[in-house]
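Listed below, chain by chain, are the residues.
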Amino acid sequence: MDSEGRVGYSTSLALDTSSRPHISYSDYTNKDLKYAYYDGTAWQIETVDSTGDVGRSISLALDISDRPHISYLDWTNENLKYAYHDGAAWQIQTVDSIGKWSLYTSLALDSSDRPHISYADSTNGDLKYAYHDGAAWQIQTVDSGGDVGESTSLSLDTSVQPHIDYSDSKKADLKYP
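Residues numbered from 1 in each chain as written. Predicted model: local features only at pLDDT ≥ 70, side-chain atom pairs only at ≥ 80, totals over all residues. Heavy atoms only, no water.

Undergrad: If you had to explain the overall build of the protein to someone new, which residues and values would you point to?
TA: Helix and strand counts for the protein stand at zero helices and 15 strands. Taken over C-alpha atoms, the radius of gyration comes to 16 Å for the protein, in line with the 16 Å a tight globule of 177 residues would show. Taken over the C-alpha atoms alone, the protein extends approximately 50 × 35 × 30 Å along its principal axes. Considering the protein as a whole, with its 177 residues, one finds that 44% of them fall into the buried category. Summed over its atoms, the accessible surface of the protein is roughly 8,600 Å², and 43% of this surface lies on carbon and sulfur atoms. Mean positive and mean negative side-chain charge positions of the protein (13 and 27 charges, respectively) differ by 5 Å. (Helix = DSSP H or I, 4+ residues; strand = E, 2+ residues; numbered from the N terminus. Rg over C-alpha atoms; globule rule 2.2 N^0.38 Å. Buried < 20%, exposed > 50% of the residue type's maximum accessible area, 1.4 Å probe, protein only. Areas by Shrake-Rupley, 256 points an atom, 1.4 Å probe, with all protein chains shown as cover. Lys, Arg positive; Asp, Glu negative; His and termini not counted. Charge placed at Lys NZ, Arg CZ, Asp CG, Glu CD.)

Undergrad: Run through the pattern of salt bridges, naming residues and quoting values.
TA: One pass over the structure, following the stated rule, counts six salt bridges. A salt bridge links Asp96 to Lys128; its shortest N-O distance comes to 3.2 Å. Here the residue Asp96 occupies a position in strand β8 (residues 90-97), and Lys128 occupies one in strand β11 (residues 126-132), the gap between them amounting to 32 residues. Overlapping salt bridges bring together Asp49, Asp74 and Lys81 as one network. (Salt bridge = Lys/Arg side-chain N within 4 Å of Asp/Glu carboxyl O.)

Undergrad: Could you give an account of the pairing of strand β10 (residues 115-121), naming the residues involved and the relevant values?
TA: Walk down a regular strand and you will see the side chains alternate between the two sheet faces. Within β10, seven of the seven residues are buried, which leaves it mostly tucked inside the rest of the structure. Here β10 hands over to β11 after four residues, with Gly125 in that stretch at a positive phi of 70 degrees. (Pairing = 2+ DSSP bridges.)

Undergrad: Break down the pairing of strand β6 (residues 68-74) for me, citing the residues and quoting the values.
TA: In terms of burial, β6 is a largely internal element, seven of the seven residues being buried. Going residue by residue along β6, you find Pro68, Ile70, Tyr72 and Asp74 tucked away on one face and His69, Ser71 and Leu73 tucked away on the opposite face as well. Bridge analysis of β6 against strand β7 (residues 79-85) gives six bridges, and the strand direction is antiparallel. Within β7, the position partnered with His69 by the bridge is Tyr84. Hairpin connection from β6 to β7: four residues lie between these consecutive antiparallel strands, with Glu78 at a positive phi of about 55 degrees.

Undergrad: Tell me about the packing of aromatic side chains, and name the residues and values.
TA: In this structure the tally under the stated criterion is six aromatic pairs. Positioned above the aromatic ring of Trp75 is the side chain of Arg56, whose terminal nitrogen or guanidinium carbon lies 4.3 Å from the ring centre. (Phe/Tyr/Trp six-rings, centres within 6.5 Å; stacked < 30°, edge-to-face > 60°. Lys NZ or Arg CZ within 6 Å of the ring centre and 35° of its normal.)

Undergrad: How would you summarise the nonpolar core if you had to cite specific residues and measurements?
TA: Within the largest apolar cluster, 12 residues are counted, these being Ala14, Leu33, Tyr35, Val48, Val54, Ile58, Leu60, Leu62, Ile70, Tyr72, Ala83 and Trp90. Counting residues per element, the ones that place at least two in this core are β3 (32-38), β5 (54-62) and β6. A total of four residues in this core trace back to one element, the largest contributor, which is β5. For Ala14, the residues in contact, after removing those within four places along its chain, are Arg20, Pro21, His22, Leu60 and Leu62. Of all hydrophobic cores here, the second largest spans 10 residues; its members include Ala61, Leu80, Leu107 and Tyr119. (Core = buried A, V, L, I, M, F, W, Y, C linked by side-chain atoms within 4.5 Å. Contact = heavy atoms within 4.5 Å.)

Have a look at this one:
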């Protein structure tokens, strides 16, 4: 599918309504965030973001129209970013400028295709949760126990309440609030 340089790091996979694969991943050679999908005949590959060293800690979700949404780390600027394809072009937003980096992102879309992201704030050792309310990003600290939030995984229930599991690296525990 893609073999140009060192590619395929920090991958995330989603299947569309036709069970076709969509993959977001890091192009480590060029420090880019890439997205590939199988259109039924061939693989289509796009560069989503190439501004600096981007495309780590990736999470991909497809909306109701099978359009991709991606949360990821901008290593250069130490920001949590979110990209989505609006049907014509990629739109990129900074979700949180936390100072060091945010790791272990997990993205889910609600029934209105609004993004929800759980992630580790490595600067403060916190687990954070961000969601877009339709107008702006809202950010909450879920756990501030120090060195928490690694390997986070987010799901939304039918009431759009977030459920997050994650690890506490100090205690070597799996947590679920």
